[in-house]
Amino acid sequence: MKRITVIILSSFIIFSCQKAIEIDRDTIKPKLVVNCILFPEEDTVKLSLSESRDLLYDKGTFPFVENASVELYENGNKLGDFDFIDGLYTYKYKVKKGSSYTVRASKEGFDDVTAKTFVNTPLTNVKIVTKELDNSSLNADITINDVLNEDNYYQVTMQWSSFTEDTAIINDPFYYEPWLNMYSCTNDFIVEYPQSDLLDGSNCSDKFLFSDETFKNSAYDIKLFTPVNNYYPNQEGYKTQVIVEISSLNYDFYNYFITKSIFQNNLGNPFAEPVPVYSNIENGYGIFGASSVFTDTTIIE
Amino acid sequence: MFKIKWLLIFALFSSVVLAQNKYTISGYVKDSKSSEAIIGARIYCQELEIGTVTNIYGFFSLTLPEGFNNLLFSYVGYEPQKKEVNLNQNINFDILLVEGQLLGEIEVTAEELNHESTEISTISLSMDKVKSLPVLLGEVDILKTAALLPGIHSGSEGSSGIYVRGGGPDQNLILLDGVPIYNANHLFGFFSVFNADAINSVKIIKGGFPARYGGRLSSVIDINMNEGNMKEYLAEGSIGLISSKLMLSGPIIKDKMSFMVSGRRTYIDILARPLINAANNNSSNYKTKVGYFFYDLNGKINYKINDKNRIYVSAYMGKDKFYLEDEFKFYDYDSLKFRYSTSEAGMNWGNKIFAARWNHQYNPKLLSNLTVNFSDYRFVTGFENQEYYDINNPEYDNSFEYLSGIKDVGIKLDYYYYPAPKHKIQFGTNLINHKFSPGVGTIISGGNADVKVDSTFGSSITRSNEFYFYVEDDYTITKRLSANFGLHFSNLIVNDKYYNSLQPRVALNYVLTENSSVKLSYASMTQFLHLLSNSSIGLPTDFWVPATDKTPPQRGHQIAAGYAHDFKKGYALSVEGYYKTMNNLIEYQEGASFLSAGKNWESIIEVGRGWSYGAEVLLEKKIGKLSGWIGYTLSWTNRQFENLNFGNIYPYRYDRRHDISVALTYKINEKWDIGVVWVYGTGNSLTLPVQQYQQYTNPNNQNNEFQYWWNPAIENYEAKNDYRMPSYHRLDFGVNKHKTKKWGEVTWSYGLYNAYSRQNPFYIEYGYLPNDFAPQPTKVLKQISLFPVIPSISYAIKF
């Protein structure tokens, strides 16, 4: 496929010539970027505040905004101001299900930004059975009981890690292996991201996103499977552990996550249609959303 | 609707009654040298001030009172011919017009004047004009010339298709001898598939569509091929910088049967092959071949069985091909023989069409035409990698092929009925079977490898049946008021679903003074096809898909109003305004492309609406040493899709606020003529990110530091198509030198395309300039342009 792209483009490049177009960078005013996801199971709200840059900015990282005024509101009532610690704004508070939260950030030289989001009921009633079949593949059977009377959105991921009881290795960061995302597949048809591949009828990805539109207020089963070479079990001296993670995302985070994933997948593809990434930050960019996570860990013997 | 029906019945009835003391003159108007039909020639009875024009077969029928009548037969570029006829019975004869010199004002009356006609938003392109205007690389091009007219533009250099009054490239019904052409472009739109030497006439309709046309929302481009010379053999050919072409025509049976064949092929691949070989260091172990060419072939046979029956058989075949092949061989010391590694990749696309038509004249007032046609458009891209010792037994053979196309088989019956001078009635029916192959991919993995795959994915083939009926009457209601009323009823059966659409059409012309008129039209159009196309650059990868439940038929309505004034000395002015709506348009979803392999096309599209409005001014000079036109268009074109651009209205990518075109030729003397084209257009709309920002990363995720490289900045698009590219303008200049030889005529054509070397935008992206060799190159917004000033020379002969 890449080759075809090269042929198409090279046919134009034969003739083409290039020049720079002037951009008045002064007219592109940086905006505040808020990135904050509320987790009801955590007791601290963490928020990243950075600056946007024009597209000619060519560094990998973006400057953090320090000494900004960042406030958190619950159902319209101010809870308090965030503290800036180690590059993050934090506010010690455990958000509540069924509440709406507003964040306001202001800093001299920038437009004030505001964002509002709603915390859904955390997932509690989930059943996950993870097992290896014939040393050839790993299957995860997940049953989600949809939270009543709410629009819910879900993300399912699998991660794996090898571990050893050899303390010398555990304490040596060179050998320490972090959790790795596991590439798995599903034949489920309600998955919104990624979309199914007609070649074999399945979806394969490191994450699956879907809404409860087709199983509102009821239970739903989704099965994931992955071949053995995606997680390399049974290495000598190591054991493999697998985490199946179900995140319940609210509307804002779900839309951000899907559009961001599609945007990321298409980077560098000149034929793909542009993807505007969802943002709910007024006068700025980023995401203010909410999510709760349910995990299940299985050790593969 | 009720009124229209009764008006038609009344018209038919009154014509029968009134025709009792009248007789009909009918026949064909032809060129005296070749006997080719002259389309649009005027037949005028001066005493009665009534007339008609020939149809696309050169046929005319005029009913006049008994007795002596003086008739004038005329057409631009031909000497008018007067004929007195004593009518005491129906008469059938052919008129042969002699090609003449520039005759001054009399030529102005040689064809129906704009202000006399019910046609609105309609322009006939003269092939002489098309051939005399300067063009890119000397390749005479009908569609590029059409794009110089107001309301029509060609997107950008390198974009395929043309855009008429805010419509998409799929909304143009391009007919070659009555058969639709689905991709009328060579080399991504730089050239059209129509070889000008093989073309007789071109008519472009942008609005006020007569009921005989249907199936597209935005325009009709009706192109007729030459019929072939009935009297003598004729050859025309030219040698240009990138291609050569040849047209032969002549009698098979004199005055009975003629043929026309023409061919054209580019030879960039052949000329560039030594350079490519040198650049790729080809050796005995390594060989590579890269190239591109296109060709097209046209042919037509015209057989006059008798005065009442004629048969026309026409065919077209054209193809574009890109190819890339390389072969590497090395000696394998284990097996003690050469092992070969080869790869081939490429793409090709092309049309094939065939039409057989039978003209039958029942009586002087009724002519029919039966057409059987076939067309096939295919786009194929793919690659194949092989490793082998013996080519018949490969160790490894992997291939991928992606095909999209549309195949039509159709039958069409049209009747032309001339009951009275005030009525020209046309009615008919058409049945088309479409076979769509919208993006079918095939992966084959074979050879001696362990894993073998042979799989087809993407969309399955879809068949649909489309049929329509129509009736229209071009009715001269009073001396001042004339109208073209019509109804077009189209139907589609696809996937066991039935769709239909009744489309009323009306065009009115009211003559204000002896030189001017006002016009008004309404047309409802339905289109049962969609073209799924990329929004960045138009490619042959765009594919045709049928209307389905997910993508209902496109429906459009257009109202146009205009003022036409024919001045003395051949000047004509037309001013028109229009408003057009288009529903059920399709676009790719955000993030999707034709490379979304494995996805059914219906799952990667969005359905929305569009609308366009604007004004067009065309000032033409049709005759004289200086001729040509100046056009100006002011327009707005928008789109709205529920799931694109967050549901907000956005400008169409080819929304062009201002568009100016100047196309003039000046005949200095019999030897020399010059042509000048200047175009200006507001820059195209583009979706361009303006700011970038850090994406969300979970602060609790222990892997963030490892994954940081995989969290690229998010580029923020404020809105779809909210960036305007720099404006487009270009000056072309050409000189033709004609020399008459004993055996024929020679023409040397010299041209400059983009004479002041304007760097017009092809596309825009962020990146680095190729000549920035600094250790840390500067990121810029760069514009890629295709053509600087390009000189051309071509040599043409005619004998």
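Residues numbered from 1 in each chain as written. Chains lettered and ligands numbered in written order. Predicted model: local features only at pLDDT ≥ 70, side-chain atom pairs only at ≥ 80, totals over all residues. Heavy atoms only, no water.

Some thoughts on the overall build of chain A
So, step 1. Within chain A one finds three helices and 21 strands.
So, step 2. In chain A, which comprises 301 residues, the proportion classed as buried is 51%.
So, step 3. Summarising the internal contacts of chain A: among those between residues at least 6 apart in sequence, 65% fall at separations of at least 24.
So, step 4. By element, 49% of the accessible surface of chain A is carried by carbon and sulfur atoms, the whole surface being about 14400 Å². (Helix = DSSP H or I, 4+ residues; strand = E, 2+ residues; numbered from the N terminus. Buried < 20%, exposed > 50% of the residue type's maximum accessible area, 1.4 Å probe, protein only. Contact = heavy atoms within 4.5 Å. Areas by Shrake-Rupley, 256 points an atom, 1.4 Å probe, with all protein chains shown as cover.)

Some details on the overall build of chain B
So, step 1. When helices and strands are tallied, chain B shows five helices and 50 strands.
So, step 2. Looking at chain B residue by residue over its 799 residues, the buried ones come to 57%.
So, step 3. For chain B, the proportion of contacts with a sequence separation of at least 24, taken over those separated by at least 6, is 66%.

Considerations on the packing of aromatic side chains
Think of a pair of aromatic rings as described by two things: how far the centres are apart, and how the planes are tilted against each other in angle.
So, step 1. Following the criterion strictly, the structure yields 48 aromatic pairs over all chains and no others.
So, step 2. Seen from their ring centres, Phe253 of chain A and Tyr696 of chain B are 5.7 Å apart, and the 85° between their planes marks the pair as edge-to-face. Of this pair, Phe253 of chain A sits in helix α3 (residues 251–265) while Tyr696 of chain B sits in the loop between β43 (691–693) and α5 (704–707), on two different chains.
So, step 3. In this structure Phe253 of chain A comes out as buried when scored by relative accessible area, which is 5%.
So, step 4. A residue is classified by how much of its surface remains accessible, and Tyr696 of chain B, at 8% relative accessible area, is buried.
So, step 5. Ring centres 6.3 Å apart and planes at 75° place the aromatic pair Phe467 of chain B and Phe469 of chain B in the edge-to-face group.
So, step 6. Accessibility expressed as a relative area gives 41% for Phe469 of chain B, which makes it partly exposed. (Phe/Tyr/Trp six-rings, centres within 6.5 Å; stacked < 30°, edge-to-face > 60°.)

Things to note about the sheet that holds strand β48 (residues 763–768) of chain B
So, step 1. Strand order in the open sheet formed by three strands is β1(A)-β49(B)-β48(B), and the pairing between neighbours is antiparallel. With partners counted over all chains shown, the strands left at the sheet margins are β1 (17–21) of chain A together with β48 of chain B, one partner each. Shown here is a sheet whose adjacent strand axes are inclined to one another by a mean of 40°, direction ignored.
So, step 2. Relative to strand β49 (residues 779–785) of chain B, β48 of chain B is paired through six bridges, and the arrangement is antiparallel. (Pairing = 2+ DSSP bridges. Axes fitted to C-alpha atoms, helices over the stretch in contact; angles between N-to-C directions.)

Digging into the pairing of strand β8 (residues 88–92) of chain A
Both faces of the sheet carry side chains from a regular strand, because those side chains alternate between them.
All names here are of chain A.
So, step 1. Direction of pairing for strand β3 (residues 44–51) relative to β8: antiparallel, over a ladder of four bridges. Bridge pairing in β8 places Leu47 opposite Tyr89.
So, step 2. With three bridges joining them, strand β7 (residues 83–85) and β8 adopt antiparallel strand pairing. Its bridge partner lying in β8, Asp83 is registered against Thr90.

Examining a positive patch on the surface
So, step 1. Together, Lys319, Lys321, Lys352, Arg378, Lys407 and Arg463 of chain B make up a region of like positive charge exposed at the surface.
So, step 2. Note on placement: Lys407 of chain B falls in strand β26 (residues 396–420). (Patch = residues over 30% accessible without salt bridge, like charges linked within 9 Å, V, L, I, M, F, W, Y side chains within 5 Å. Salt bridge = Lys/Arg side-chain N within 4 Å of Asp/Glu carboxyl O. Lys, Arg positive; Asp, Glu negative; His and termini not counted. Charge placed at Lys NZ, Arg CZ, Asp CG, Glu CD.)

Focus: a nonpolar patch on the surface
Residue and element names in this part refer to chain B.
So, step 1. Together, Ile252, Ile253, Ile301, Ile305, Ile311, Val313, Phe354, Trp358, Phe374 and Val409 make up a nonpolar patch on the protein surface, roughly 760 Å² of accessible area in all.
So, step 2. Residue assignment for the nonpolar patch shows that the elements contributing at least two residues are β20 (243–253), β22 (286–306), β23 (309–332) and β24 (337–363).
So, step 3. Here Ile305 lies in strand β22.

Details of the sheet that holds strand β5 (residues 67–74) of chain B
All names here are of chain B.
So, step 1. On the basis of which strands lie adjacent, the open sheet formed by four strands has the order β3-β2-β5-β7 and antiparallel pairing. Of all the strands in the sheet, the pair left with one neighbour each is β3 (50–53) and β7 (81–87). Here the strands of the sheet are splayed against their neighbours by 25° on average, with no regard to which way each runs.
So, step 2. Of the pairings in the sheet, the one linking β5 to β7 comprises seven bridges and is antiparallel in character. Residue Asn69 lies in a different strand from β7, and its bridge partner there is Val85.

What to know about the pattern of salt bridges
Residue and element names in this part refer to chain B.
So, step 1. This model, assessed by the stated rule, comprises 32 salt bridges over all chains.
So, step 2. With a shortest N-O distance of 3.8 Å, Lys304 and Asp94 are connected by a salt bridge. Taken together, the positions of Lys304 in strand β22 and Asp94 in the loop between β8 (91–92) and β9 (95–99) put the pair 210 residues apart, joining distant regions of the chain.
So, step 3. With relative accessibility at 29%, the residue Asp94 sits in the partly exposed group.
So, step 4. Note that Lys304 is salt-bridged to Asp307, the shortest N-O span being 3.6 Å.
So, step 5. For Asp307, a relative accessible area of 51% translates into the label exposed.
So, step 6. Taken together, the salt bridges that share partners define one network made up of Lys30, Asp94, Lys304, Asp307 and Arg310.

With respect to the nonpolar core
So, step 1. Leu125, Leu176, Ile181, Phe194, Ile199 and Val202 of chain B are the most contacted members of the largest nonpolar core, which has 77 residues in total.
So, step 2. Of the residues forming this core, the biggest block, five residues, is contributed by β24 of chain B.
So, step 3. Once residues within four sequence positions are removed from consideration, Leu125 of chain B is found in contact with Val130, Ile142, Thr145, Ala146, Leu149, Val202, Ile204 and Trp629 of chain B.
So, step 4. Within the second largest apolar cluster, 26 residues are counted, among which are Val65, Val95, Phe110 and Val113 of chain A. (Core = buried A, V, L, I, M, F, W, Y, C linked by side-chain atoms within 4.5 Å.)

Remarks on the pairing of β5 of chain B
All names here are of chain B.
So, step 1. Among the eight residues of β5, six are classified as buried, and the element is accordingly described as predominantly covered.
So, step 2. Across four bridges, strand β2 (residues 42–45) lies against β5 in antiparallel orientation. Bridge pairing in β5 places Arg42 opposite Ser74.

Digging into the side chain of Asn55 of chain B
Residue and element names in this part refer to chain B.
So, step 1. By the secondary structure assignment, Asn55 is in the loop between β3 and β4 (59–65).
So, step 2. A distance of 2.8 Å separates a polar side-chain atom of Asn55 from the backbone nitrogen of Tyr57.
So, step 3. When neighbours within four sequence positions are excluded, Asn55 is seen to be in contact with Ile39, Gly40, Leu367, Tyr416 and Tyr418. (Polar contact = N/O pair within 3.5 Å; in protein donor to acceptor, adjacent residues only side chain to side chain.)

Some remarks on the environment of Arg264 of chain B
All names here are of chain B.
So, step 1. Here Arg264 is to be found in strand β21 (residues 257–266).
So, step 2. Given the relative accessible area of 3%, Arg264 is considered buried.
So, step 3. Expressed as a C-alpha distance, the spacing of Arg264 and Ser238, which sit 26 residues apart in the sequence, is 9.4 Å.
So, step 4. Aside from chain neighbours lying at most four places away, what touches Arg264 is Glu139, His186, Ser192, Val193, Phe194, Asn195, Ser243, Ser244, Lys245, Phe294, Tyr295 and Asp296.

Quick look at α3 of chain A
All names here are of chain A.
So, step 1. For α3, built from 15 residues, the straight-helix expectation of 21 Å at 1.5 Å per residue is met to within 8% by its first-to-last C-alpha distance of 21 Å.
So, step 2. For α3, a buried count of eleven out of 15 residues is recorded, marking the element as mostly surrounded by other parts of the structure.
So, step 3. When we look at burial in α3, the residues that qualify are Asp252, Phe253, Tyr254, Tyr256, Phe257, Ile258, Thr259, Lys260, Ser261, Phe263 and Gln264. (Expected span 1.5 Å × (residues − 1).)

Side note on the environment of Tyr75 of chain B
So, step 1. Within the fold, Tyr75 of chain B resides in the loop between β5 and β6 (78–79).
So, step 2. Residues Tyr75 of chain B and Leu241 of chain B, spaced 166 residues apart in sequence, show a C-alpha to C-alpha distance of 35 Å.

Overview of the side chain of Asn298 of chain B
So, step 1. One can find Asn298 of chain B in strand β22.
So, step 2. Setting aside chain neighbours within four positions, we find Asn298 of chain B in contact with Leu176, Asn195, Ala198, Met225, Met260, Val261, Ser262, Ala315 and Tyr316 of chain B.

Here we look at unusual backbone geometry
So, step 1. Positive phi, close to 55°, is recorded for Asn67 of chain A, a residue that is not glycine.
So, step 2. With respect to the element layout, Asn67 of chain A can be found in the loop between β4 (53–54) and β5 (69–74).
So, step 3. Accessibility expressed as a relative area gives 65% for Asn67 of chain A, which makes it exposed.
So, step 4. The residue Arg165 of chain B is not glycine, and still its phi comes out positive at about 45°.

A few points about the confidence of the model for chain B
Residue and element names in this part refer to chain B.
So, step 1. Confidence in the prediction for chain B averages 84 pLDDT; 88% of positions are at 70 or higher.
So, step 2. pLDDT under 50 marks residues 102–109. Its contacts with residues more than four places away, or in other chains, come to 21 contacts.
So, step 3. For this predicted complex, the interface confidence comes out at an ipTM of 0.88, alongside a pTM of 0.82. (pLDDT = per-residue confidence, 0-100.)

Section: the confidence of the model for chain A
All names here are of chain A.
So, step 1. Mean pLDDT over chain A works out to 82, with 84% of the residues at or above the 70 mark.
So, step 2. No element of chain A has a lower mean pLDDT than helix α1 (residues 2–13), which averages 48, and none a higher one than strand β9 (residues 100–106), which averages 97.
So, step 3. This stretch, residues 6–15, has a pLDDT under 50; its non-local contacts, to residues over four places away or in other chains, come to 21 contacts.

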